[in-house]
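# Results of the structural survey
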Amino acid sequence: MLRRRLIPSLRNFWEEPKNVFRFVKGAFLMAPLTLSVDVKNSSSSTSLDVSKIMQSPQLRKSKGFASVNTQEDKPFDFFRSLFEGFIAGGTAGVVVETALYPIDTVKTRLQAARGGGKIVLKGLYSGLAGNIAGVLPASALFVGVYEPTKQKLLKTFPDHLSAVAHLTAGAIGGLAASLIRVPTEVVKQRMQTGQFTSAPNAVRLIASQEGFKGLYAGYRSFLLRDLPFDAIQFCIYEQICLGYKKAARRELSDPENALIGAFAGALTGAVTTPLDVIKTRLMVQGSAKQYQGIVDCVQTIVREEGAPALLKGIGPRVLWIGIGGSIFFGVLESTKRTLAQRRPKTVKESKEE
């Protein structure tokens, strides 16, 4: 009976043009609503979930190795990132310098010795206190500049150019830190080679005998070594971490960060050893002026000692920077995570919990 009444009614509906027009118009107006999900009645809803379709593997755009997606990140807080970078960088720098200072002293004495000079193994901690006074602000400044610069560049560059962002941020961080690193390095290496017995005396005598620029001896060679070193080391570290996270689909543990840091440090340290030898020779020459610049330094070393002399100290350097990279990045990531956990929660995050 119901069927006999329903069929004629449907025929009358479709035969009337006004009714058809109203139906089509209503369908278009209701289309956006039918493509949404009713959260309250999701158990009984049969509407189409567009977000699930867009998130399906078939429709996702594939990304290259170690690419970064920052589109859904939290708003960028420059000053908080700067502050946390200062704390994490300073902590990591002091821990590394204290633990590995003797190895660095041996490396410096090897590089500074001309010809077949003997290496003295006494006073391996000579100049540590003064060096830490410089390493603390230098490491803090480096990471404090590197972290916000990296985050800003990652949001600016396409995902597949994340390596360029890391290289650039590393170089910028190194340039900023060089203002503190160079005087610290000059004083440290002069003390390590026995020219001075205390940091205050070293600063006073260098400034009086060579002028203020004496504290920045070898500045260009320092930049020649440290800018590539910082850029390459942090780029290798960040890219391996990103690739590891993508493959493991989880955050890395502190031992994993330390292992990657050791590899990045050792590799970069080996590659930049000739630059380190040149930098050391220019910094420790003092007022004697044995070398007239970077080119003259290279030519003199090769002529008088042979090309292998440019690799002097490579063993201690790789060991020192490899272990140092392990400790530095392990402490750095651990400190950053601790600081992130202590951040005050926003109103949105509190509501979500």
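Reference entry: report on the structure contained in this document. Not measured: the values here are computed from a predicted model.

### As for the overall build of the protein chain
Of regular secondary structure, the protein chain possesses 13 helices and zero strands. Classification of the 353 residues of the protein chain by burial places 40% in the buried group. Once local pairs closer than 6 in sequence are excluded, the contacts in the protein chain between residues at least 24 apart make up 75%. A total of about 20300 Å² of accessible surface is found on the protein chain, and carbon and sulfur atoms cover 64% of it.

### Overview of the pattern of salt bridges
This model, assessed by the stated rule, comprises 21 salt bridges. In this structure, K188 engages D104 in a salt bridge whose closest nitrogen and oxygen atoms are separated by 2.6 Å. Here the residue K188 occupies a position in helix α6 (residues 162-192), and D104 occupies one in helix α4 (residues 78-112), the gap between them amounting to 84 residues. The class for D104 is buried, based on a relative accessible area of 0%. One salt bridge connects K107 with D276, and the closest N-O pair in it is separated by 3.2 Å. With K107 in helix α4 and D276 in helix α10 (residues 273-284), the pair connects residues that are 169 residues apart, well separated along the chain. By the burial criterion, K107 is buried, and D276 matches it. Residues joined by salt bridges that share partners form a network here, namely D104, K107, R181, E185, K188, R225, D226, D230, D276, K279 and R317.

### Side note on the side chain of T280
Looking at where T280 falls in the secondary structure, it is placed in helix α10. The residues contacting T280, other than those within four sequence positions of it, are T108, Q111, A112 and Q189.

### Re a nonpolar patch on the surface
On the surface, F83, F86 and I87 cluster together into a nonpolar patch covering about 270 Å² of accessible area. Counting through the fold element by element, F83 comes out in helix α4.

### Some points on the packing of helix α5 (residues 128-156) against helix α8 (residues 219-248)
At a minimum axis distance of 13 Å, the contact between α5 and α8 shows a crossing angle of 55 degrees. Put simply, α5 runs oblique to α8. Pair α5 / α8 crosses with right-handed handedness. On the side of α5, the interface is formed by F142, Y146 and K150, while α8 contributes D230, F234 and E238.

### Regarding the nonpolar core
By size, the foremost hydrophobic cluster in this structure holds 25 residues, and its most contacted members are F142, F234, Y237, F328, F329 and L332. Of all elements in the fold, only α4, α5, α6, α8, α9 (254-271) and α12 (314-341) reach the threshold of two or more residues within this core. Excluding residues within four positions of it along the chain, L332 makes contact with A88, G89, A92 and V143. Within the second largest apolar cluster, eleven residues are counted, among which are V182, M191, F196 and M283.

Conventions we followed
Residues numbered from 1 in each chain as written. Predicted model: local features only at pLDDT ≥ 70, side-chain atom pairs only at ≥ 80, totals over all residues. Heavy atoms only, no water. Helix = DSSP H or I, 4+ residues; strand = E, 2+ residues; numbered from the N terminus. Buried < 20%, exposed > 50% of the residue type's maximum accessible area, 1.4 Å probe, protein only. Contact = heavy atoms within 4.5 Å. Areas by Shrake-Rupley, 256 points an atom, 1.4 Å probe, with all protein chains shown as cover. Salt bridge = Lys/Arg side-chain N within 4 Å of Asp/Glu carboxyl O. Patch = residues over 30% accessible without salt bridge, like charges linked within 9 Å, V, L, I, M, F, W, Y side chains within 5 Å. Axes fitted to C-alpha atoms, helices over the stretch in contact; angles between N-to-C directions. Parallel < 35°, antiparallel > 145°, perpendicular 65-115°, else oblique. Left-handed = near helix turned anticlockwise from the far one by under 90°. Core = buried A, V, L, I, M, F, W, Y, C linked by side-chain atoms within 4.5 Å.

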